[in-house]
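Analysis of the macromolecular model
Residues per chain are reported as follows:
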Amino acid sequence: MYAMKITKNKCKNNKNKNFKMTDKNFIFKIGVIVLLSIGLAMSVSADWPMFHHDTQQTGYIETSSAPGKNHTIWNFSATLSHSSPVITDGKVIITSVKDNQIYALSESNGSKIWNKSISNLAWSYSSGGIIFYFSFTPAVVGDTIYVGTGDCKIYALNLSNGGQLWNFTGNGRTASFLTVANNKVIFRCHRDGNTNDTLYLLNASNGDKTFEKNFSYFSAKTINPAISVAGIAYTEIYRCKMSAINLSNGNIEWNFTVTEEGCGSVGLSPPVLINDKLIFGTDKGYVYFVNTTNIFQYNKTYLNGEYIASKMAPAVWKDRVFIGTGIRSSSTYGNFYAINLTNYSVAWTYPVGDAIQSAPAVADGKVFFLAENNKFYALNALEGTLNWSYATPNVGWIENDIYTSSPAISDGVVAIGVPEGKVYAFKTIQLVFVRVAWDDNIANFNNTVQQHANYFLEKSGLNACGMKVEIKIVNGSPDITGQQIWDAWNTNNINHVLEGIKNWALNNGVRGEIYIGLTTYDMENNCGVGGYTQLPDDIHYDT
């Protein structure tokens, strides 16, 4: 048996006028098959509020499904260049360098909620007749958006309407990175023509400066630091040196130096912090794994000398580290790697054949990234096989540096800035059925699930909305006691069964699409369905 509650449907093309979304006592009976939307029951945030998801820069979200098919739900014209989208509170937040705008877009349909003009949002330089623009990924904490500009200003904006709350002006040309942790805004300014960078800490509530610290450095790199819960920032301050900076006073606790054998003129990638292990790449094709409590304990993996870009933050999922390689100006065109965290060997390699400078993102057993062949990839994270890819046209603007946007994932939506000067959002509806022991006697189980799923899609209006749908069937062993579910015909009696299956799914990492599920949470969207409902007696299947 599976049970669903469907909320008000807002799809304008829904032709099923006789189907009432609020019908009660609405049951399919086929053993115990339960349609899940476990994302709604998670206590962990389902947002992607900053670069690479969190302050440790894991690049992984546990609480979201992710599309297993290539299906675009919307696109919006904006050129992100080096910045990446973030997703929070049903909004996709982006910075657009061509028009100096910050946009808040609807996660479900891409419509503009608000936009705000900010001068010098990007900084640029010219080389070989091409103007290269750089903008910075915003960070969202609570109801506030934080964003840096090309003239080293930091703005705090209201998430709901874009209104300015405060701004701070640093000493320099560019805000090289920005992140927010422990109610502190952390960013770095670079002074053009000067070897000094300044690290700033601000009070996130009002913009008051906590401290500033000057460091000698060679260029304005835009890599974000990883921040520990103890208030240590890990980033490359000096070329080829990964530093641990105490954010209480700005002092460097230690420097881990990569020798010339492993590090060249570009230096290191942004790090990811997993427990006490700091992971980062180098421009000479090494991936380092450094113990932050004892930097003399480290391991490294050699990726055949393949270039790792200065925006290529690794992503971590389970016991795997994911990283891409390649640069067009040399012979090291791109491969995408998965490295075992247990023994630092390469688990698998996916050859792309062109440079990869987009930091990957992982959700629902899939890893996503953008490559310079104008393709956006979704790979099976466990096996390294291709799930799907999406090709976008190359309009030729910012030929080499627009490929560094990193994906953001939330609520089943994957958003990415692509070279044609647009942001694309991908999504599929995922119906997840948990098959338990007493379903074994059901003949043609998969066909029966498909039959019921098709009926639901028709009656819910999802078909009319044009959504692509994936049906997942997983074998489960939930701890369910008491009355058998097929004897429980009212909501109160089956609650314990539903809770048992939901808890099993949560504990075993089963991800479903959040529009449909076991909870009674009502979510409004273009195809607004959610919770659980039950079929009338004349449309059930009894085993």
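Below is a short write-up of the structure. Since the structure is predicted, the reported quantities are computational estimates derived from the model, not experimental observations.

Reading the values: rules and limits
Residues numbered from 1 in each chain as written. Predicted model: local features only at pLDDT ≥ 70, side-chain atom pairs only at ≥ 80, totals over all residues. Heavy atoms only, no water. Helix = DSSP H or I, 4+ residues; strand = E, 2+ residues; numbered from the N terminus. Buried < 20%, exposed > 50% of the residue type's maximum accessible area, 1.4 Å probe, protein only. Contact = heavy atoms within 4.5 Å. Areas by Shrake-Rupley, 256 points an atom, 1.4 Å probe, with all protein chains shown as cover. Disulfide = S-S within 2.5 Å. Phe/Tyr/Trp six-rings, centres within 6.5 Å; stacked < 30°, edge-to-face > 60°. Lys NZ or Arg CZ within 6 Å of the ring centre and 35° of its normal. Pairing = 2+ DSSP bridges. Core = buried A, V, L, I, M, F, W, Y, C linked by side-chain atoms within 4.5 Å.

Notes on the overall build of the chain
Secondary structure assignment for the chain yields two helices and 37 strands. Relative to its 543 residues, the chain shows a buried fraction of 61%. Sequence-distant contacts in the chain: of pairs separated by 6 or more residues, those separated by 24 or more amount to 57%. Accessible surface, the chain: about 20,100 Å² in total, of which carbon and sulfur atoms supply 43%.

Focus: the side chain of Thr-179
Along the polypeptide, Thr-179 turns up in strand 13 (residues 174–181). A relative accessible area of 4% places Thr-179 in the buried class. Discounting chain neighbours no more than four positions away, the residues touching Thr-179 are Met-50, Thr-55, Lys-184, Val-185, Ile-186, Asn-224, Pro-225 and Ile-227.

Quick word on the state of the cysteines
Evaluated as defined, the whole model comprises two disulfides. Between the sulfur atoms of Cys-152 and its disulfide partner Cys-189 the distance amounts to 1.4 Å. Disulfide Cys-152 to Cys-189: torsion about the S-S bond roughly -105°, handedness left-handed. Note that Cys-152 is positioned in the loop between strand 10 (144–148) and strand 11 (153–158) and Cys-189 in strand 14 (residues 184–190), a separation of 37 residues in sequence. Take Cys-189: its relative accessible area is 0%, and that puts it in the buried class.

Describing the packing of aromatic side chains
In this structure the tally under the stated criterion is 29 aromatic pairs. Here Phe-215 and Tyr-238 contribute two aromatic rings whose centre-to-centre distance is 6.4 Å and whose plane-to-plane angle is 80°, an arrangement assigned as edge-to-face. With Phe-215 in strand 16 (residues 209–216) and Tyr-238 in the loop between strand 18 (232–236) and strand 19 (241–246), this residue pair connects regions lying 23 residues apart in the sequence. Centroid distance Tyr-424 to Phe-426: 6.4 Å. Interplanar angle 25°. Geometry classified as stacked. Each of the two residues, Tyr-424 as well as Phe-426, counts as buried. Cluster of aromatic residues (ring-pair linked, three or more members): Phe-256, Phe-280, Tyr-286, Tyr-288, Tyr-298 and Tyr-302. Across the ring face of Tyr-238, the terminal group of Lys-241 is positioned such that the distance to the ring centre comes to 5.9 Å. Lys-311 extends its terminal NZ or CZ atom over the ring of Phe-51, reaching a point 5.2 Å from the ring centre.

Let's talk about the pairing of strand 6 (residues 112–117)
In this structure, strand 5 (residues 101–106) lies alongside strand 6, joined through five bridges in antiparallel fashion. Bridge pairing links Gln-101 to Ser-117 in strand 6.

Focus: the nonpolar core
Of all hydrophobic cores here, the largest spans 33 residues; its most connected members are Phe-322 and Phe-336. For this core, the elements supplying multiple residues, two or more each, are strand 23 (286–291), strand 25 (315–317), strand 26 (320–324), strand 27 (335–340), strand 28 (346–351), strand 30 (366–370) and strand 31 (375–380). By residue number, the principal contributor to this core is strand 27, which donates four residues. Counting residues in hydrophobic clusters, the runner-up holds 31 residues, among them Tyr-103, Phe-368, Phe-376 and Ala-415.

None of the figures reported here should be taken as evidence of function without further support.
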